[in-house]
Amino acid sequence: MNVALNAPLAGTLQRWLTGPRIAGLPQPTDLPPPKLSFEFFPPKNEALEQSLWTAIRRLEPLAPRFVSVTYGAGGSTRARTHETVARLARETSLTPAAHLTCVGATRDEVDEVARGYLEAGVRHIVALRGDPPAGATEYTPHPGGYAQAEDLVGGLRRIADFDISVGAYPETHPAAKSGGADLDFLKRKIDAGATRAITQYFFDTDVYLRFLDRCGAARITVPIVPGILPVSNFKQVQRFSAMCGASVPAWMARLFDGLDDDQETRRMVAAVVAAEQVRLLQANGVDEFHFYTLNRADLTYAIAHLLGVRPKAAE
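Given the structure is predicted, the values throughout are model-derived calculations rather than measurements.

Draft legend 1. The side chain of E60, seen in detail. Locating E60 in the fold gives a position in the loop between α2 (46-59) and β2 (67-69). Among the polar contacts listed, one links the side chain of E60 to the backbone nitrogen of S93, at a separation of 2.8 Å.

Draft legend 2. Molecular detail of the pairing of strand β3 (residues 96-101). Most of β3 sits inside the fold, with 6 of its 6 residues counted as buried. Side chains of β3 alternate between two faces, with P96, A98 and L100 and A97, H99 and T101 buried alike. In this sheet, β3 lies alongside β2 in parallel orientation, the contact comprising 3 bridges. Looking across to β3, one finds that V67 is bridged to P96. Here β3 pairs with strand β4 (residues 124-128) via 5 bridges, running parallel. Counted as the bridge partner of H99 is V126 from β4.

Draft legend 3. Examining helix α6 (residues 179-191) more closely. The first and last C-alpha atoms of α6 sit 18 Å apart over 13 residues, in line with the 18 Å expected at 1.5 Å per residue. For α6, the secondary structure elements touched by its buried residues are α5 (149-159), β5 (163-168), β6 (196-201) and α7 (205-217). Positive phi shows up at G193, right after α6, with a value of about 130°.

Draft legend 4. Summary view of the packing of α7 against helix α10 (residues 263-283). Packing of α7 against α10 leaves a shortest axis separation of 10 Å and a crossing angle of 35°. Both α7 and α10 take part in a crossing whose hand is right-handed. Within the contact between the two elements, α7 uses T205, Y208 and L209 and α10 uses Q277, L280 and L281. Classifying every residue of the contact of α7 with α10 gives 4 nonpolar, 2 polar and no charged.

Parameters and conventions
Residues numbered from 1 in each chain as written. Predicted model: local features only at pLDDT ≥ 70, side-chain atom pairs only at ≥ 80, totals over all residues. Heavy atoms only, no water. Helix = DSSP H or I, 4+ residues; strand = E, 2+ residues; numbered from the N terminus. Polar contact = N/O pair within 3.5 Å; in protein donor to acceptor, adjacent residues only side chain to side chain. Buried < 20%, exposed > 50% of the residue type's maximum accessible area, 1.4 Å probe, protein only. Pairing = 2+ DSSP bridges. Expected span 1.5 Å × (residues − 1). Contact = heavy atoms within 4.5 Å. Axes fitted to C-alpha atoms, helices over the stretch in contact; angles between N-to-C directions. Left-handed = near helix turned anticlockwise from the far one by under 90°. Nonpolar A, V, L, I, M, F, W, Y, C, P; charged D, E, K, R; others polar.

Keep in mind that these numbers describe shape and distance, not what the molecule does.
Right, here's the structure in full:
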């Protein structure tokens, strides 16, 4: 085959020879397995309780740093959260972290819940302001209650030496007046005694890294743990993200396009996207991640495996 020596380059060869060289992410073996924590939500009925404990037992061998259980404003939800957290402390090797909010309770009532956790052996609290109750459009502090998360953190500190996590919002809380005001809220929570912040989920890694820069400039030095949400139901995430202020990149919509009726492929895409997000953050020096599991253990387990996290018994 004769090839003209001076023929113009074309196609793949042209792009390879004239384009920039893109360095790949570090190999998984080049990075230590990240430190993980998992979030669950309490069951609403017996069938969901069975599913929750199947998820917990599936992820327990991965030895996460802690597992958190969400908390609602309603009395029945509070009771289920407390029961789940107490059982985690009693029956598993996991370190449970109980969500606690300011919504719908006086200070004395919140303090009583916190002391109940102490009695159950729970030393880690995720202290949040909480969302407005169903039907309300704006948050209104309960008369005689903790007004904001910073007040709740201070109250917990007066009760015991809790390990306290608080929320952080890389894309700004929807109710905040500005990004600067939201960062001030975070700083006040840290100054009140919080030991770490866990972020709302995000999908663009630059959003989180820019947020770290802003936290550093504000002299916030506690760990800012990125919240990771594996997306198995894209339309559902779109709806929720519109309410909580998290942006959904166009590239993600393209990845899930045409998969509405293909659950298995959606799960595979979700695992790859989340693992790639974590690996890119790891390459930037981040070594701890909080997974919003939605009580779906298999997907979270697969992502952890891709990241090099293995069951303790297998080490």
